[in-house]
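# Architecture at a glance
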Amino acid sequence: MSKYVDEIIEKVVRENPGETEFHNTVKEVLTSIAPVIDANPKYQNAALLERMVEPERVVMFRVPWVDDAGKVHVNKGYRVQFNSAIGPYKGGLRLHPSVNLSIIKFLGFEQVFKNSLTTLPIGGGKGGSNFDPKGKSDNEIMRFCQSFMTELQRHIGQDTDVPAGDIGVGGREIGYLYGQFKRIRNAYEAGVLTGKGLTYGGSLARTEATGYGLLYFTKLYLEDNGMSYKDQTVVVSGSGNVAIYAMEKAQEFGAKVVACSDSNGYVFDPEGIDVALVKQIKEVERGRIKEYAARKASATYTEGCKGIWTIKCDIALPCATQQELDLESAKALVANGVKLVGEGANMPSTLDAIEYLQSNKIMFAPAKAANAGGVATSALEMAQNSMRYSWTFEEVDEKLKGIMASIYNASKNAAKEYGHEGDLLVGCNIAGFLKVADAMMAQGIV
Ligand code: NDP
Ligand code: 2IT
């Protein structure tokens, strides 16, 4: 591998101590693009990788808020504006107690290449807070979001930086965030956030887009290898936005989804998961997935998340969180005859799990390609906001399908061109990298 790539990986580990998630994503991307770096000395001369691994700007701030009992809390707020070479920073906001700078930087770095793959003009960024939305009232969520936006608003804008949802941030939170933004700025700049409600500038199909996009991508991948979703057994981790719409589309494609999970445990339902019931429990009641087994006789609940990967399946779709599918899980999946692993979450598989899956010739659909449908549809929401117009569900869905096909083809072709035929991970990293690299080279040393 290129000496330059090795040096940059070492530098990132040395200069960002303790940021293991960030180290992992940098290692994954830079290792993949080594053949391109070797073939193009101009990148090294322009210190391109040094610039790419350093965020353009990191904003960290205090988020004070008052709970319903009058107690004052203080959380940490983050926005990492990673790269704006091809468009305004774009990426979600995550609210979860595990959030720290390493996690936001890993997500921001991934987002740069993912957004490049979408073919749309969006740069990469990510943000969030270590605030825990679980068990909070609507009013507490609103006060937190208002406090968060009171600081964030000075750093974002529809041509500057456009946040959206991620773990713990859905339609309710985007509504509160947008209300506060609009109030402070005294302007209706709908394009400043995506994932908005349909009554105030949201796009049809954005809610479904990440899960649906994952299914469009993996369907193409299966078909390219003479297979389909019909009658396949599917396991999906998570039961949030991405998982729910992945399950819905998998069933529409004729698959049987037998399991899903939340951060406490998983449910196994050999009759097939009732997605409407999952929506009721997780989206309406904001309850625990354990409830599913209490309400459906054919289902069983198991405490703990990892065991979900020991369930026999043809297709595994990790859609919960980072590093949830480790080497041991990968071994269990392979032993049970898995054919494809498709990443709906960001970086759900550990590096050794990916290596194991690929060395066992399991089809592997990497996150930044396979889950790009969400942010791609966010960019379509921005386009509609700019036009002050909206497309029908079918129009957005068709564009999403086209984008997922183009990401699949770009990843496949780049892998082939650089001597890694069939490896979509290397392919998507190279394809995503090239557009950002060319834009940065054209724009000089900035
Ligand atoms: P949600 O908050 O809607 O759902 C997250 C789901 O994952 C919940 O079921 C949650 O369980 C579970 N989960 C969260 N953290 C953990 C954890 N530490 N261990 C086990 N399970 C956990 O988030 P999304 O569905 O939006 O996001 C899921 C993943 O997809 C994330 O990796 C996100 O970055 C990625 N993603 C999201 C996109 C989007 O458009 N929303 C786009 C592309 C990627 P519980 O209910 O117990 O919290
Ligand atoms: O990880 C992701 O791509 C997202 N959470 C969606 C980001 C967005 O801006 O829609």
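For the structure given in this document, a descriptive report is provided here. These numbers were taken from a predicted model, which means no experiment stands behind them.

### Observations regarding the site of ligand 1
The full set close to ligand 1 counts 27 residues, and D166, T210, S263, R288 and N346 are the nearest of them. In this structure, an oxygen atom belonging to ligand 1 sits 2.5 Å away from a side-chain N or O atom of R288. Bound to the protein, ligand 1 loses 85% of the 880 Å² it would expose on its own. Listed by contribution, the elements that provide at least two residues to the shell around ligand 1 are α8 (206–224) and α9 (241–252). Counted by class, the shell around ligand 1 contains six nonpolar, 13 polar and eight charged residues.

### Side note on the site of ligand 2
Looking at ligand 2, there are 14 residues lining it, with K90, Q111, K114, N346 and S378 nearest. Between ligand 2 and D166, the relevant distance is 3.0 Å, taken from a nitrogen atom to a side-chain nitrogen or oxygen of the residue. A distance of 3.0 Å separates an oxygen atom of ligand 2 from a polar atom in the side chain of N346. When ligand 2 is considered free in solution it has 290 Å² of accessible area, and contact with the protein chains removes 93% of it. Counting only elements with at least two residues in the shell around ligand 2, the list comes to β3 (89–95), α5 (101–117) and α15 (373–387). Its residues assigned to classes, the shell around ligand 2 shows two nonpolar, seven polar and five charged.

### Notes on the pattern of salt bridges
On inspection of all chains with the given rule, the structure shows 29 salt bridges. Of the charged contacts in the structure, one is a salt bridge between R154 and E151, with a shortest N-O distance of 3.2 Å. Judged by relative accessible area, R154 falls into the exposed class, the value being 52%. When its relative accessible area of 22% is taken as the criterion, E151 is described as partly exposed. A salt bridge links D262 to R288; its shortest N-O distance comes to 3.3 Å. With a gap of 26 residues between them, D262 in the loop between β7 (256–261) and β8 (265–268) and R288 in the loop between α10 (275–284) and α11 (290–295) connect regions that are remote in the sequence. Among the residues examined, R288 registers a relative accessible area of 26% and is labelled partly exposed. A single salt-bridge network, built from bridges that share partners, covers E28, E110 and K368.

What counts and what doesn't
- Residues numbered from 1 in each chain as written.
- Chains lettered and ligands numbered in written order.
- Predicted model: local features only at pLDDT ≥ 70, side-chain atom pairs only at ≥ 80, totals over all residues.
- Heavy atoms only, no water.
- Near = heavy atom within 4 Å.
- Polar contact = N/O pair within 3.5 Å; in protein donor to acceptor, adjacent residues only side chain to side chain.
- Areas by Shrake-Rupley, 256 points an atom, 1.4 Å probe, with all protein chains shown as cover.
- Helix = DSSP H or I, 4+ residues; strand = E, 2+ residues; numbered from the N terminus.
- Nonpolar A, V, L, I, M, F, W, Y, C, P; charged D, E, K, R; others polar.
- Salt bridge = Lys/Arg side-chain N within 4 Å of Asp/Glu carboxyl O.
- Buried < 20%, exposed > 50% of the residue type's maximum accessible area, 1.4 Å probe, protein only.

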